[in-house]
Amino acid sequence: MDTQENIQLSAADPTPVAGFWSEEQPVIVAANVKKSYHLGQTVVRALRGVSLEVHRGEFVAVMGPSGSGKSTFMNLIGCLDRPSSGTYLLDGIPVREMSSDQLAAVRNRKIGFVFQSFNLLPRASALSNVMLPLVYAGLSLKARRSRARRALEAVGLGSRLHHKPVEMSGGQQQRVAIARALVNRPAILLADEPTGNLDSRTSVEIMAILQELNEHGLTIVLVTHEPDIAAYCKRHVIFRDGIVVQDSPNPTQRFASDQLAAQHSALDQEVHQ
Ligand code: ADP
Ligand code: MG
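Only a predicted model underlies this, so the values are computations on that prediction, with no experimental measurement involved.

Criteria and thresholds
- Sequence order as written defines the numbering, with residues in each chain counted from 1.
- Whichever chain is written first becomes A and whichever ligand is written first becomes 1, with later ones labelled in order.
- Residues qualify for local features only when their pLDDT is at least 70, as the model is predicted, and side-chain atom pairs are given and counted only at 80 or more; totals for whole chains, interfaces and linings, by contrast, use all residues.
- Segments assigned H or I by DSSP are reported as helices when at least four residues long, segments assigned E as strands when at least two residues long, and all are numbered from the N terminus.
- Three exposure classes are used, based on other C-beta atoms lying within 10 Å of a residue's own C-beta, which is placed from the backbone: buried for 20 or more, exposed for 12 or fewer, and partly exposed in between.
- With C-beta atoms placed from the backbone, a contact is any residue pair whose C-beta atoms sit within 7 Å.
- Nearness rests on one distance test: the residue's C-beta atom, set from the backbone, must lie within 6 Å of the molecule or strand.
- At least two bridges found by DSSP between two strands is the condition for calling them paired.
- Only the stretch in contact is used when a helix axis is fitted, and all axes are lines through C-alpha atoms; the angle between N-to-C directions ranges over 0 to 180 degrees.

## Comments concerning the overall build of the chain
For the chain, the count of helices and strands is nine helices and ten strands. With 273 residues in all, the chain has 36% of them scored as buried. Look at the contacts in the chain between residues 6 or more apart in sequence, and 70% of them connect residues 24 or more apart.

## Digging into the site of ligand 1
In the region of ligand 1, the neighbouring residues are Tyr37, Leu39, Val44, Ala46, Gly64, Ser66, Gly67, Ser68, Gly69, Lys70, Ser71 and Thr72. Secondary structure elements with two or more residues in the shell around ligand 1: β1 (28–39), β2 (42–54) and α2 (70–77). Among the elements that take part in the shell around ligand 1, α2 stands out by supplying three residues, more than any other.

## Things to note about the sheet that holds strand β10 (residues 243–249)
Read from one edge of the open sheet, six strands run β6-β7-β8-β3-β9-β10, paired in mixed fashion. Both edges of this open sheet fall to β6 (111–115) and β10, since each of them pairs with a single strand only. Averaged over neighbouring strand pairs, the angle between their axes works out to 15 degrees when direction is ignored. Here strand β3 (residues 59–63) runs beside strand β9 (residues 235–240); their pairing, made up of four bridges, is parallel. By the bridge assignment, Val60 is partnered in β9 with Arg235.

## Here we look at the sheet that holds β2
One open sheet holds the four strands; their spatial order is β2-β1-β4-β5, and the pairing between them is antiparallel. Of all the strands in the sheet, just β2 and β5 (93–94) have a single pairing partner and so form its edges. When β1 meets β2, the two strands line up antiparallel, connected through ten bridges. In the sheet register, Lys34 faces β2, and the bridge partner there is Arg48. On top of the sheet, α2 reaches β1, β2 and β4 (85–90); it is set at about 120 degrees to β1, its chief contact.

## A look at the environment of Ser36
Tracing the backbone shows Ser36 in strand β1. Overall, Ser36 belongs to the partly exposed group, with 16 C-beta atoms counted inside 10 Å. Sequence separation between Ser36 and Ser84 is 48 residues, and the spatial gap between their C-alpha atoms is 6.5 Å. Every residue in contact with Ser36, bar those within four places of it in the chain, is listed here: Val43, Val44, Arg45, Ala46 and Ser84.

Printed below as a string of structure tokens:
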């Protein structure tokens, strides 16, 4: 197989950074990344040297006790913050050397975020919520609408375009948030405890959507403290006291759609929120 031709044919990003980018290159490269917070006289060493690579198509669960640095790490890889030291490349782009404006632009173009608390505009329609990140994309209103509609269809909300978050269940709200995260076609989806506010059945539904997106090639890094949720991911990275103490493939990945099918047949009469 001609690798070079392969690279060009499958190039997903039309604006690679010259010299850095190739299909083989990891989406994320963190090398000895450290982050300290200064609180008056106290220094909190939230990350004490983290090295990690994430390749295209991975589905990583980041786990570890509260305070171990998971959110700090996600904020760094999501370009919400810069490391105190160490190297971080996002899609080949060295993040530490960027200005705040460049950081914001890269974040908007490359990263999709999903949070525990949905963070939607409660009184704007699902469609308006999902269109928001496209404000800077230089698209016509019509194109923004149609992209947002397609993103909502991809998460199974094609019939709820004009519903408002206040009129939706938690699971539906999180699906709107996932659609919003995807509408810019990011290189990676970052999810910090995305099922933390959902009951276990709805959590499995959200994991089914994430697994389907991952099967279509989306790279996902997800923080969770629940082993039941991590079970759906392909790789487990465990943090403790600001370092990675375990990084291993998940040999027993579970499939959420199988679980939902089993539940449907067993619990037909269960009332679904
Ligand atoms: P986790 O997400 O694993 O619970 P965090 O990354 O939120 O852990 O926190 C790691 C450590 O850094 C904790 O000791 C926390 O108190 C501290 N920390 C996190 N964010 C800040 C901040 N903005 N200012 C000061 N300390 C912080
Ligand atoms: Mg956290």
